[in-house]
Amino acid sequence: MTDLPEASRRLSESAPEFHWEIRHFPEGTKTAEDAARAIGCTVAAIVKSLVFVVVGEDGSHQPVVALVPGDKRLDTNALARIAGGVTSKRATLDEVRETTGFAAGGTPPFGHTLPVPVYADEMLRRHDPVWAAAGTPTTVFPISLVDLDRLAHPIWAQLTVPG
């Protein structure tokens, strides 16, 4: 794993017990479509790790990570409600890096710098394994749903726009 980008090595060190199969695609896997094309899987098997800030009734701000299938759109109102807030907004690029330790487009579902609540959309269960970003926009890894549960500790809920 020494030939991987530093962020991918750091991610792999966050869960040394996991059997890592990180794949590097120099042309990039920044979007779900790019990742699916490079891997050779369906877009629905791609995990988008989206960082949002949930705003509470008292005006508090809580960063969260939403794990959403690549073929679906996050319902930001559902995320806010499930996370106990009144609204949610996409985190800025700086907030993504401060919260997770990774750049947007390469954010993995776990291994974050700060303890951050993780929510996973039920539609991810359509595929096993699924593919997630491995710390950079050019690296991905497969993960079973059992391991995703064990390592990310997500709260499973309906987070995507129906349809």
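See the structure printed just above.
This structure is a prediction, so every number in the text was calculated from the model and none was measured.

A. Region of the structure containing the layout of surface pockets. Roughly 490 Å³ of volume is contained in the largest pocket. Put simply, the parts of the chain that give the lining of the largest pocket at least two residues each are helix H2 (32-39), strand S2 (47-55), helix H4 (93-100), strand S6 (130-133) and strand S7 (139-143). The class makeup of the residues in the lining of the largest pocket is 14 nonpolar, 9 polar and 4 charged.

B. Here's a closer look at the environment of Val51. Inspection of the secondary structure puts Val51 in strand S2. C-alpha separation for the pair Val51 and Glu17, spaced 34 residues apart in sequence, amounts to 25 Å. Among all residues touching Val51, those that are not within four sequence positions of it are Val64, Val65, Arg90, Ala91, Val96, Thr100 and Thr107.

C. Here's a closer look at the sheet that holds strand S1 (residues 23-24). Strand order in the open sheet formed by 3 strands is S1-S7-S6, with antiparallel pairing between adjacent strands. Strand pairing shows two members of the sheet lacking a second neighbour, S1 and S6, which therefore form its edges. Here 4 bridges tie S6 to S7, and the two strands are oriented antiparallel to one another. Opposite Val130, over in S7, you have Ile143 as the bridge partner.

D. Spotlight on H2. The set of residues buried in H2 consists of Ala32, Ala35, Ala36 and Ile39. The buried residues of H2 occupy an angular sector of 95° when projected down its axis, which confines them to one face. Of the surrounding secondary structure, the elements contacted by the buried residues of H2 are S2, S6 and S7. Among the residues trailing H2, Gly40 stands out with phi positive, at a value near 90°.

E. The arrangement of the pattern of salt bridges in detail. Considering all chains together, one arrives at 6 salt bridges under this definition. The residue Arg126 makes a salt bridge to Asp71 at a minimum N-O spacing of 2.7 Å. Of this pair, Arg126 sits in the loop between strand S5 (118-121) and S6 while Asp71 sits in the loop between strand S3 (61-69) and helix H3 (76-82), and the two are 55 residues apart along the sequence. A relative accessible area of 37% means that Arg126 is categorised as partly exposed.

F. Spatial organisation of the nonpolar core. Core analysis: the largest hydrophobic core is formed by 30 residues, its most contacted members being Trp20, Leu67, Phe110, Phe141 and Ile143. In terms of residue count, the dominant contributor to this core is helix H5 (residues 145-152) (4 residues). If near-sequence neighbours (up to four positions away) are discounted, Phe141 is found in contact with Leu11, Phe18, Trp20, Glu21, Ile22, Pro109, Phe110, Val130, Trp131, Ala132, Ala133 and Ala134. Formed by 11 residues, the second largest nonpolar core is a distinct cluster that contains Leu74, Leu79, Ala157 and Leu159.

What counts and how
Residues numbered from 1 in each chain as written. Predicted model: local features only at pLDDT ≥ 70, side-chain atom pairs only at ≥ 80, totals over all residues. Heavy atoms only, no water. 1 Å grid on protein atoms, 1.4 Å probe; cavity = no way out; pocket = protein on both sides within 12 Å on 5 of 7 lines; lining within 4 Å. Points joined across faces, edges and corners; volume = space filled by probe spheres on them. Helix = DSSP H or I, 4+ residues; strand = E, 2+ residues; numbered from the N terminus. Nonpolar A, V, L, I, M, F, W, Y, C, P; charged D, E, K, R; others polar. Contact = heavy atoms within 4.5 Å. Pairing = 2+ DSSP bridges. Buried < 20%, exposed > 50% of the residue type's maximum accessible area, 1.4 Å probe, protein only. Arc of directions from axis to C-beta. Salt bridge = Lys/Arg side-chain N within 4 Å of Asp/Glu carboxyl O. Core = buried A, V, L, I, M, F, W, Y, C linked by side-chain atoms within 4.5 Å.

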